[in-house]
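One letter stands for each residue in the lines below.
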Amino acid sequence: AAVRRILQRFVLPVDRDLDVVPLYVDTEDAMLDADKETIGTNQTAQKVNKAASRQAISSGTSLHPDAIQDRHRLRVEDSQRISLGTYFNGFPARNRRRWTNESTGSGSVSFDLTLTPFVDGGWYWFDVRAGDEAAVIEEATWSAEVPADRAEVGSVTVGITTMNRPDFCSSLIAQIGEDADVNALVDEVLVMEQGTQKVVDDPGFAKAEASLGTKLRIIEQGNIGGSGGFARAQFEALKGTSKYVLFLDDDIIAEPESILRAVTFGDLARRPTIVGGHMFSIFAKARLHSFGEIINRHRFWWMSPKSAEADWDFGARNLRSTRWLHRRLDVDFNPWFMCLIPMQVVRDIGLSLPLFIKWDDSEYGLRAQAAGYPTVSMPGSAVWHVPWTDKNDALDWQAYFHQRNRFVAAFLHSPFEHGGRLIRESLNHQLKHLFAMQYSTVELRHQALEDALAGPEGLHAVLGSKLGEVRAFRKGWDDAELSADPDAFPPVRHSKPRRKSDTSEIPSKPSQLISAVLGGVRQFRGTRSLSRDFPEANIPAMDARWYHLATLDSAIVSMPDGTSAAFYRRQPDQFKDLFRRTIEIHERLYREWPAMAQRYREALAEITSPEAWEPTFEASKKDVR
């Protein structure tokens, strides 16, 4: 027996935001980029084609704001042609063909369409051309014949971890509660309150709370990070009857329809499947930050597949003109700014690792994958969020968690006896930070390696205290003393002009190698006297590369988020001590890798169990103020 079920609805921007219109309605023509087979193997031709494929083709046409009559009604003026071959209104047939049991689909004018040829990629969409009079799209849906046992819509527990973002969090709660269709499938919205600026004190909270009523529950606990917050959502959801737990970051703007689509896809998947959304930039809302994430096992680092393009601007080049967007993209994990996890997966593989932040989502995806549960990053499901590229998490206190948790995840999941390239890459990064006078970052990363080598048994014990320890440790280091006031630093001064002062160009690989050799030699020489009190250069964040900083004894360096800067000074004694310890600990990592990998893997089921997490949650309550 089979029943017809709606898979996806035609939608328009909630608030008529013109910045996001290209994601919903396309008024431009299509100009498909060149096929790779046509370009061939010539590297120059490949580079030229790649650059050309990113060039804007928009002619400047736009949709009149009044054309958007409501969430599902669009007016098309006489003689106007528009396309719904867009991110939110195109139908990603390639994902449906690969991962679900759907057989056929139909549109609002009842077209029967097959999914058979879409195993490797492809979209469906429809265009509308008005005649002598304006036309109005009243409603459009994509539906399919599905097995009768898949007709029921799965229910959801939503988990939002929040930390001092009460306004964003209140708005997100309201988005969920005020959308009747989303509200209907939600069993409970859990807000894990871990901050001192409470969401309940936000002026918009009362309205948000009223939209959900008894479905909203605020859980106050100490700051045990994103992993502690989302693990709490899993823990609480295990007590209920929800089919899924949905993770949402507290600082996103959601497209509510994305939640419906994720649940529908999960309901119809061939096997229990983690369903994630994509991230658009909250600052440039038509720019897609990432279309999918994989883990390079040899480097053990997250990245986009080579067939994808990062930071894609749909306002400049539409979906119909972009060949790579029509290819199915398989992923290893989906970041937890939006991620739907079947409760069957949670019951089978456990809760998040107690990592505080960083690598909890990627490790969980790898763990699920190993247990036979795939992850799909679902086109047409997305949120708006601050892009990772606008953050400073490689240099500040977060560097500790990046380093420790990357090694923890690699101990658990690397297929290589000694971690592949990871140890060598970690050593290289330490040396680059040393040459760049980023001594606090080097020390934090060193402590992270020591803690990773201490084993999995202590991860729960330090979950609520490690952040405070890391932040306290950074105080007093030159590269960690930040100021937002440009006048807080002395002016640039040096005893003689520098031979090369342009830091805007990226040097060739041979030039970088020479910089590494000369920079290493310089570390064993004394510093120029003026450099102790006066910076030798002002270096913008985009130019603050190790090969530039290695030529200096001091510099004012701005941070990637653009809010502050620090006065870096070369310290030969610190360099020598950190260099020695860097070599020693990486040698130790290589020697102990097989034993550490076995130790972590044997402990994984225990430390991710609800029983291990429960006392951690209880202990964190003591920190609530």
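Keep in mind the model is a prediction, meaning the values are calculated, not measured. (Residues numbered from 1 in each chain as written. Predicted model: local features only at pLDDT ≥ 70, side-chain atom pairs only at ≥ 80, totals over all residues. Heavy atoms only, no water.)

A. Region of the structure containing the packing of helix α12 (residues 422-435) against helix α13 (residues 439-453). α13 packs onto α12 with a crossing angle of 155° between their chain directions and a minimal axis gap of 8 Å. As far as their axial angle goes, α13 and α12 are roughly antiparallel. The chirality of how α12 crosses α13 is left-handed. In contact with Ser-426, His-429, Gln-430, His-433 and Leu-434 of α12, α13 contributes Tyr-439, Thr-441, Val-442, Arg-445, His-446 and Leu-449. In the contact of α12 with α13, the residues fall into four nonpolar, six polar and one charged. (Axes fitted to C-alpha atoms, helices over the stretch in contact; angles between N-to-C directions. Helix = DSSP H or I, 4+ residues; strand = E, 2+ residues; numbered from the N terminus. Parallel < 35°, antiparallel > 145°, perpendicular 65-115°, else oblique. Left-handed = near helix turned anticlockwise from the far one by under 90°. Contact = heavy atoms within 4.5 Å. Nonpolar A, V, L, I, M, F, W, Y, C, P; charged D, E, K, R; others polar.)

B. Main features of the confidence of the model for the protein chain. Taken as a whole, the protein chain shows an average pLDDT of 91; of its residues, 95% reach a score of 70 or greater. For residues 103-107, every residue scores under 50 in pLDDT, and the model assigns this stretch 20 contacts once sequence neighbours within four places are set aside. (pLDDT = per-residue confidence, 0-100.)

C. Quick look at α13. For α13, spanning 15 residues, the distance from its first C-alpha to its last is 21 Å, which sits close to the expected 21 Å at 1.5 Å a residue. The buried count for α13 comes to twelve of 15 residues, which makes it a mostly enclosed element. Summarising the contacts, the buried residues of α13 are in contact with α11 (398-413), α12, α14 (466-474), β25 (565-569) and α17 (572-607). Just beyond α13, the residue with positive phi is Gly-455, at close to 100°. (Expected span 1.5 Å × (residues − 1). Buried < 20%, exposed > 50% of the residue type's maximum accessible area, 1.4 Å probe, protein only.)

D. How the structure looks around the sheet that holds strand β23 (residues 538-539). Taken in spatial order, the four strands make up an open sheet running β22-β25-β24-β23, and their pairing is mixed. Taken across any chain shown, the strands that pair with only one partner, and hence form the sheet edges, are β22 (482-483) and β23. Two elements, strand β24 (residues 554-558) and β25, share five bridges in a ladder whose sense is antiparallel. Residue pairing for β25: Val-557 is matched across the bridge by Ala-566. (Pairing = 2+ DSSP bridges.)

E. Seen up close, the pairing of strand β15 (residues 274-281). For β15, a buried count of eight out of eight residues is recorded, marking the element as mostly surrounded by other parts of the structure. Direction of pairing for β15 relative to strand β21 (residues 375-385): parallel, over a ladder of seven bridges. Opposite Ile-274, over in β21, you have Thr-375 as the bridge partner. Both β15 and strand β20 (residues 338-342) contribute to a ladder of two bridges, which runs antiparallel.

F. Representation of the side chain of Ser-531 in the model. Position of Ser-531 relative to the elements: it lies in the loop between α15 (509-522) and β23. According to the relative accessible area criterion, Ser-531 is buried, its value standing at 1%. The residues touching Ser-531, leaving out its near neighbours within four places in the chain, are Glu-536, Asp-553, Ser-554, Phe-567 and Arg-569.

G. Representation of the side chain of Thr-162 in the model. With respect to the helices and strands, Thr-162 occurs in strand β10 (residues 156-162). When its relative accessible area of 1% is taken as the criterion, Thr-162 is described as buried. Once residues lying within four places of it in the same chain are set aside, the contact partners of Thr-162 are Cys-169, Val-191, Met-192, Glu-193, Gln-194, Gly-195 and Asp-250.

H. The sheet that holds strand β3 (residues 73-76), seen in detail. Read from one edge to the other, the open sheet built from three strands follows the order β2-β3-β8, with strand pairing classed as antiparallel. At either end of the open sheet lies a strand with only one pairing partner, and these are β2 (68-70) and β8 (135-137). Averaged over all neighbouring strand pairs, the angle between strand axes comes to 25°, with direction disregarded. Two elements, β2 and β3, share two bridges in a ladder whose sense is antiparallel. Bridge pairing in β3 places Asp-70 opposite Arg-73.

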